[in-house]
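# Coordinate inspection notes
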Amino acid sequence: MSRSTTPSHDAESTVTLSIDGTDVSVPEGTTLLDACGGKGCGIPTLCYGDTITPKNACRVCMVEVEGSRVLVPSCSRQAEQGMVVRTRSQRVDHARKMVLEFLGSSVDLSLTDHITEWNAEYGADPGRYGADAQTVAQPVKIDNDLYVRDYAKCILCYQCVDACGEQWQNSFVIDIAGRGFAAHVSTENDVPLPDSACVYCGNCIQVCPTGALMFKTEHDMREAGSWQPDHQTTTDTICAFCGVGCNLTLHVQDNTIVKVSSPPDSPITHGNLCIKGRFGFQHAQNRPDET
Amino acid sequence: MVGLATVFGAGGGTSSYQEAEAADVIVMWGSNARNAHPIFFHHVLTAVNQGAKLYVVDPRRSETAQFADRWLGLHVGTDIALSNTIAREIIHAGLTNMSFVERATTGYDEYAASVEPWTLERGEQVTGVPADAIRELAHAYARAEAAQLCWTLGITEHHNGVDNVLSLCNLAILTGQVGRYGAGLTPLRGQNNVQGGGDMGALPNKLPGFQDIVDDQARAKFDAEWGVTVPSEDGWHLTQMFEAMERGDLRSVFVIGENPAQSEADVHRAVELLRDLDHLVVLDIYLTKTAELADVVLPGSASWCESDGTVTNSERRVQRVRKALDPPGDARDDIDILLDLARHLGHDWHYDDHEEIWDELRRLSPMHAGMSWARLETLGGIQWPCPSDDQLEPPYLHGRLWADDPDQLGRRAPFTVVVDDPPVEALSDHYPLRLTTGRRLDSYNTGVQSGGYRSPNRLGETLDLSPEDAHRLGVADGEQVRISSARGQVVAPARIDPGLRPGLVFMTFHFPDEVDVNQLTIDATDPKAGTAEFKAAAVRVERLTHVSTPT
Amino acid sequence: MDLKTRGEPPSADELAAVDAVLGAAPDRDLHDVTGGHSLRNRRHLLLPALHAVNDRVGWISQRAIDYIAERLDASPAEIYGVASFYALFSLTERPAHQVHVCVDLACRANGGPAEGDLPAGAHASPCLGACERAPAAFVIDAGATPSQAVAGHVTAVQVRQWSDGDGPDPEAAPAAAVPQAGDRSLVLLARVGRGDPLDLDGYIADGGFRALAKARELGPVGVIAAVDASGLTGRGGAAFPTGRKWEAVRSQPATPHYLVCNADESEPGTFKDRVLIENDPYALIEAMTIAALATDCAYGYIYLRGEYPRAFATLLHALTTSRDRGLLGGETGFDIAVVKGAGAYICGEETAIFNSIEGYRGEPRNKPPFPFEVGLFGQPTVVNNVETLINIPSIVLDGRPANRRLFCLSGAVKVPGVYETELGLTLGELIELAGGLRDGSELQAVLLGGAAGGFAGPADLDLVLDQDSTRAAGLTLGSGVVMVHDQSVDLIDQLTRIAAFFRDESCGQCVPCRVGTVRQEEAIERLAAGASTGDLDLLRDIGQAMKDASICGLGQTAHNAIETAIVRLGVFS
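Keep in mind that this is a model prediction, so the values were computed, not measured. (Residues numbered from 1 in each chain as written. Chains lettered and ligands numbered in written order. Predicted model: local features only at pLDDT ≥ 70, side-chain atom pairs only at ≥ 80, totals over all residues. Heavy atoms only, no water.)

### Description of the domain arrangement of chain B
All names here are of chain B.
- Considered domain by domain, chain B is made up of domain 1 (2-187), domain 2 (194-383) and domain 3 (433-543).
- The C-alpha centroid of domain 3 is placed 26 Å from the C-alpha centroid of domain 1.
- Listed as interface residues are 25 residues of domain 1 and, on the opposing side, 22 residues of domain 3.
- When the buried area of domain 1 at its contact with domain 3 is split by residue, Arg60, Glu157 and His159 rank highest and sum to 35% of it.
- In this assembly, domain 1 and domain 3 are joined by 1 salt bridge.
- Among the ionic pairs, Lys535 bridges to Glu157, the shortest N-O distance being 3.9 Å.
- Inspection of the domain 1/domain 3 interface yields 7 residue pairs in polar contact (both at pLDDT 80 or more).
- Of all the secondary structure elements, the ones that give two or more residues to the side of domain 1 that touches domain 3 are helix H3 (33-36), helix H10 (153-156) and helix H11 (161-175).
- Split into classes, the residues belonging to the side of domain 1 that touches domain 3 amount to 10 nonpolar, 10 polar and 5 charged. (Domains from an automatic or database assignment. Contact = heavy atoms within 4.5 Å. Buried area = accessible area lost by both parts, 1.4 Å probe. Salt bridge = Lys/Arg side-chain N within 4 Å of Asp/Glu carboxyl O. Polar contact = N/O pair within 3.5 Å; in protein donor to acceptor, adjacent residues only side chain to side chain. Helix = DSSP H or I, 4+ residues; strand = E, 2+ residues; numbered from the N terminus. Nonpolar A, V, L, I, M, F, W, Y, C, P; charged D, E, K, R; others polar.)

### Let's talk about the domain arrangement of chain C
Residue and element names in this part refer to chain C.
- Here the domain parsing of chain C yields domain 1 (12-83), domain 2 (97-172), domain 3 (200-398), domain 4 (404-486) and domain 5 (491-568).
- Residue-level contacts link 11 residues of domain 3 with 8 residues of domain 5.
- Interface of domain 3 and domain 5: buried area, both sides summed, is about 780 Å²; carbon and sulfur atoms make up 68% of it.
- Together, Tyr345, Ile346 and Pro364 form the three largest contributors to the area buried by domain 3 at its contact with domain 5, with a combined 57%.
- In this assembly, domain 3 and domain 5 are joined by 0 salt bridges.
- Summed over the shared surface of domain 3 and domain 5, the result is 2 residue pairs in polar contact (both at pLDDT 80 or more).
- Residue classes in the side of domain 3 that touches domain 5 are distributed as 5 nonpolar, 2 polar and 4 charged.

### Focus on the sheet that holds strand E12 (residues 309-312) of chain B
All names here are of chain B.
- A sheet is described by the order of its strands in space; here 3 strands give the open sequence E12-E13-E14, paired in antiparallel fashion. With partners counted over all chains shown, the strands left at the sheet margins are E12 and strand E14 (382-383), one partner each.
- Judged from the 4 bridges that link them, E12 and strand E13 (residues 317-321) form a sheet pairing that is antiparallel. For Thr312, the partnering residue across the bridge sits in E13 and is Val318. (Pairing = 2+ DSSP bridges.)

### Details of the interface of chain B and chain C
- At the junction of the two partners, chain B supplies 27 residues and chain C supplies 16 residues.
- On the chain B side of the interface with chain C, the three residues burying the most area are B:Phe67, B:Asp69 and B:Trp71, jointly 31% of the side's total.
- Here chain B and chain C share 13 residue pairs in polar contact (both at pLDDT 80 or more) between them.
- Every element with two or more residues in the side of chain B that touches chain C is listed here: strand E3 (70-72) and helix H23 (467-473) of chain B.
- Considering each element in turn, the side of chain B that touches chain C owes the most residues, 3 residues, to E3(B).

### Here we look at the interface of chain A and chain B
- Each side of the interface is counted separately: chain A has 59 residues, and chain B has 66 residues.
- For the chain A and chain B pair, buried surface summed over both sides reaches about 5,000 Å², with 58% attributable to carbon and sulfur atoms.
- Put simply, chain A and chain B have 1 salt bridge between them.
- Between A:Asp145 and B:Arg454 there is a salt bridge; the shortest N-O distance is 3.5 Å.
- Joining chain A to chain B, the criterion identifies 22 residue pairs in polar contact (both at pLDDT 80 or more).
- Secondary structure elements with two or more residues in the side of chain A that touches chain B: strand E10 (232-238), strand E11 (247-253), strand E12 (256-261), helix H7 (275-279) and helix H8 (282-285) of chain A.

### Here we look at a negative patch on the surface
- Together, B:Asp352, B:Asp353, B:Glu355 and B:Glu356 give the surface a local cluster of negative charge.
- As for its position among the elements, B:Asp353 is in the loop between helix H19 (334-344) and helix H20 (354-364). (Patch = residues over 30% accessible without salt bridge, like charges linked within 9 Å, V, L, I, M, F, W, Y side chains within 5 Å. Areas by Shrake-Rupley, 256 points an atom, 1.4 Å probe, with all protein chains shown as cover. Lys, Arg positive; Asp, Glu negative; His and termini not counted. Charge placed at Lys NZ, Arg CZ, Asp CG, Glu CD.)

### As for the packing of helix H19 (residues 491-505) of chain C against helix H23 (residues 560-568) of chain C
Residue and element names in this part refer to chain C.
- Here H19 crosses H23 at 160°, and the two axes come no closer than 9 Å. With respect to each other, H19 and H23 are oriented roughly antiparallel. As H19 packs across H23, the resulting crossing turns out to be left-handed. Residue-level contacts link Leu495, Ile498 and Ala499 of H19 to Ala561, Ile562 and Ala565 of H23.
- Considering only residue class, the contact of H19 with H23 consists of 6 nonpolar, no polar and no charged. (Axes fitted to C-alpha atoms, helices over the stretch in contact; angles between N-to-C directions. Parallel < 35°, antiparallel > 145°, perpendicular 65-115°, else oblique. Left-handed = near helix turned anticlockwise from the far one by under 90°.)

### Quick notes on the packing of aromatic side chains
- Under the defined criterion, the tally for this structure stands at 23 aromatic pairs over all chains.
- Ring geometry for A:Phe215 and A:Phe279: centres 4.9 Å apart, planes at 45°, overall tilted. Of the two residues, A:Phe215 sits in strand E9 (residues 213-215) while A:Phe279 sits in helix H7, which places them 64 residues apart along the sequence. The burial state of A:Phe215 is the same as that of A:Phe279; both residues are buried.
- When the ring of C:Tyr301 is compared with that of C:Phe377, the centres are 6.3 Å apart and the planes differ by 55°; the resulting orientation is tilted. Here C:Tyr301, found in strand E7 (residues 297-304), pairs with C:Phe377, found in the loop between helix H14 (352-358) and strand E9 (381-385); they are 76 residues apart in sequence, far enough to count as distant.
- Given the relative accessible area of 32%, C:Phe377 is considered partly exposed.
- The rings of C:Tyr258, C:Tyr299, C:Tyr301 and C:Phe377 are connected pair by pair, giving a single aromatic cluster.
- Directly above the aromatic system of B:Phe506 lies the positively charged group of B:Arg60, at a separation of 3.7 Å from the ring centroid.
- One residue, C:Arg43, lies across the ring of C:Tyr360, its end atom 4.0 Å from the ring centre. (Phe/Tyr/Trp six-rings, centres within 6.5 Å; stacked < 30°, edge-to-face > 60°. Buried < 20%, exposed > 50% of the residue type's maximum accessible area, 1.4 Å probe, protein only. Lys NZ or Arg CZ within 6 Å of the ring centre and 35° of its normal.)

### A look at the sheet that holds strand E4 (residues 72-73) of chain A
Residue and element names in this part refer to chain A.
- Strand order in the open sheet formed by 5 strands is E2-E1-E5-E3-E4, and the pairing between neighbours is mixed. Of all the strands in the sheet, the pair left with one neighbour each is strand E2 (22-27) and E4.
- Looking at chain direction, strand E3 (residues 62-65) and strand E5 (residues 84-86) are connected through 2 bridges and run antiparallel. Bridge pairing in E5 links Glu64 to Arg86.

### Quick notes on the nonpolar core
- Membership of the largest hydrophobic core comes to 176 residues, with the highest contact counts inside it found for C:Tyr86, C:Trp246 and C:Leu284.
- Here this core takes 10 residues from helix H12 (residues 281-295) of chain C, the largest share from any one element.
- Excluding its chain neighbours within four sequence positions, the residues that come into contact with C:Tyr86 are A:Arg179, C:Leu47, C:Tyr303, C:Ala342, C:Gly343, C:Ala344, C:Cys347, C:Ser356, C:Tyr360 and C:Gly362.
- Grouped together as the second largest cluster of nonpolar side chains are 79 residues, A:Cys198, A:Cys274, B:Val44 and B:Leu54 included. (Core = buried A, V, L, I, M, F, W, Y, C linked by side-chain atoms within 4.5 Å.)

Structure, rendered in structure tokens:
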């Protein structure tokens, strides 16, 4: 999506750096990940989202920068003039493999994209920590009719916290509580969502990369075995609930809306919606079949 | 739209959402955007999180007001008193943008004279807002690098709604807070295509593209394209239609996607008039209360997911809606119904597809001329005006007002003398409480669309009142109370809200099947826009068990 | 914001505690409410407000959280997230009387209990920074006038008695932790034992604030030149040149600048900052004033760990008297506040400290940007450790080289305590300075630099204790910990504790540290139980990933000590 006229910026200066032996020039302020081609360029990412400032918490996108004592997160480290970057090296591959193993051995990644592929590529074997390895396994939290929270799938990417908080929704209904391995996404004193200030915008669901946060419709269909992504279409349209004109992506299976998202690149929503846009679709399909 | 068109010649908000992010002062006036326009409010909060100051003017300390740096809780219907006081303070503090006023406005002297009696003291006395708060807002707005002034129905749903809008336009041109990136006036529309409906000529005095129906030249273009003679006189707006029904001048009505049997103020009367019609046809996706009164019901499609077309949002952005679902049963695309209807009436309106209809509009409406579907697709939406196929206009309107060249500057923006005029229905011993209405986050209008999903936060209809009034009336939270106005009465549970002050009560109209709040509201309407004074009725609240006497 | 609380008002005690920090809440106004930024700008008062409630009531209830939320326009979930980050706060009801018993390295090496040995009602605590009198305990009584006391040489009987409600006797004088007290060659510890640490007149009579006067003459550039010339490097562990750090902040155009004194001394085995503050608080104030002058800071914070009640009281007294005397605040253009930590080792990390002061979870920030550009409240910030700062007055006054260091001697030496030496001493000489090994002790290992440091062995007694030599030997001086273990110490138990320590103290933000510390502990436990040898390879893999990929120094060093024990001392082989 493009914007028309915006206020003029100073001419951007560019920096040139070496990535895997090739010189690359990018505008100042570009992250290493973007300099390498962005998400999907071959550097794995987990906590990196389209609409959230990277927290660089997962550390799977690490690259080696000459002169740096430690590896650096490509998702947030900015390119500098003369930087020498290696996106694959023994150290890089080891760190990625270990992050994949650490997460794979403690979190249910069954709905996380690319995991099988990356495990193979980096030789990660989450099983080698044994059956007694601590995990975050826990029952699914189902406390309302709109969405469920399955924190057994949570990698603590912070995206839901940031989407609920200052970056978008400013509701601050959830935050990280506790510390270390016990750190977890929580409402105050872990009260159920209906007792919290949650407004059910679902902007947390939109950014969740692991399926820990999920429409109740999707959860129920998965439980029933009727969730069929291959039989779903997506259509972009405009929400009907006020005059703001939010962009909706309708996910449709068997002529039924099963999920609603919003395009991350929309200048209106930046991927966000309110409860009506996210969950109010039912009225279109609750109509009697004949009149 | 009437107010903005009067001042600036275009009936649309002057700014884009992204510009809110560039503002350093944002005033939300009579707008509970946190609930009613949540995603627009995201843009506001982005600015706030970067340090912008947020002022909220609202009788209620609403969800939006909770975010404010300062909330100005004026009495219902004293908006003009407040804006005139702000104007006088700006003038007296020497904060008027004189170079802008001289270059780009007319009528300043009369305006300045008209606000002269509005001292801070008088403003405080009339509005209830402390002088210090009024002064702070006046100075902040005038001194801002770029200020946004946003409003919603709290401004327009009054018997003098147009004057309210004009009074805000006055403030913008007094300070030059319009026509620049980040500075502007943003009315937020209640429906996804209120703006688009107007753009398409669904106004009694306009043809598509806001071309005047009384303009012979404009009409001639349409006559030629359509091969008919377009009527040369303005039609009726909704309120005038009901008046015409009352007179017996309007006997047949075709209602498309509206539910006046529940949404009109003084709804009792509206239902009677609809029932008395000779012929009522309703096209809707539901069998609404209005449809129940109809002679013929045409099952239509949900335009946002069962049909193709465009809508225009509050920042004048035209965007595509697309068909994702087949409508159920015998329901049909609204366009097909209309085309069929035309055929039965002897007109063969032939279009191969939706895009062809759009292209007809582009031929007739210069401000849409550059918006091909292909371009809308690529750009993800285009703001009007867009006369050119290959260029885009700035995201804000009226940059011309800053031009040095008088030709480029064009028609100057007039100040309008506006007079404080309290709500039509005064409070009385019998109806001592001010009822104002509004919306909640998870519901929408009369609930037809929002009733379909189960929101964990849905309260149902309540009578919200201050802790003080609850105490005085002996009403407990959740207790059923009777609310009466001169027009009718309803029963609803009480809900104690410390965001309300004594004397002010609040209801929505989201649950008319359970609690028909519009039996209470008054149908006093603005003569220029036809909008009813939903925001100010006089009511009495009583416990169901004991009837308390008003004090 | 969309605050949704439970609508239950706070108790009288909770209200009084919060209002003492935030002031009384304004009455509800029906037409005019000021909120937004003016409330949220007080977020840095969150940690003090939580302390106030915890100190007064003993725990932090939901309704107290809700009340603080309303006052600061912060959400209950955020406040819960912050409160649950700190070990000293309880979010469930508990008695006002609490006993925290150190189960950490020095104490358990000195016969203190392990986690499982504690009686009901006593909490296991990480290192309390009282290692010279290990084993140690920390006893708290919440109330309107809360009391907090640290006790040393604690016996199992005492722990049981205190857990039942009693409290320890008052502590020995602060100078007792400095065996060299009175030695005229001392520079950093020169004033220890020479007078009453709380006496401002005595400090001035003893030459106090002369360095500040000199600094005013020299001006910022002159002061920084003197610091540069001294060769002073940071004593917190990273050893960055102090003059360069100051110059970087001084030259930042953005204002204001902030000064943070890092006194969150939590590295197991470290207690020198406490000893410095308790014995010479005005010197720290003078040093910070000079630092502020050099770096153009208008405000300074001392972030003191929460388990140092006497140091806290000492600082408050010193700050108040300095202000009363016109040496601080007001027209001086510089003031200092003390912020108390609440039980989180990670808050000693230089960016986690910012988040903690600002009222957020004490999670480290990503670097770059570095603190000198974007630090506390997003402003250019200089962060210095207490020992670094204590070096300043004598450097400015005398132009001396920064060739002196403090060491925290604990364990199997005859006279444990804080020692000041000139750089260049060997490990053996330092142990001799502390009276040598206890009678009957044979040296088994020395933990240098704390849990984030490494183990030296009997073969390393000739190691010269300076930056370069230790680095060359694959070790570190770190925070100056020299914990001497004799043959009675179970090194595997020490490693188990180190692993548990890092698992406990990881903030949980990044995967390598959050999960790595757990996997490391699991592997150590398996090895301790004599199981698979494949776990040594696994440990190496885990350690490498933590070192390379963690966000901050905690994760990056969480494997160091274990690695050195395996490699240098052959533990598990």
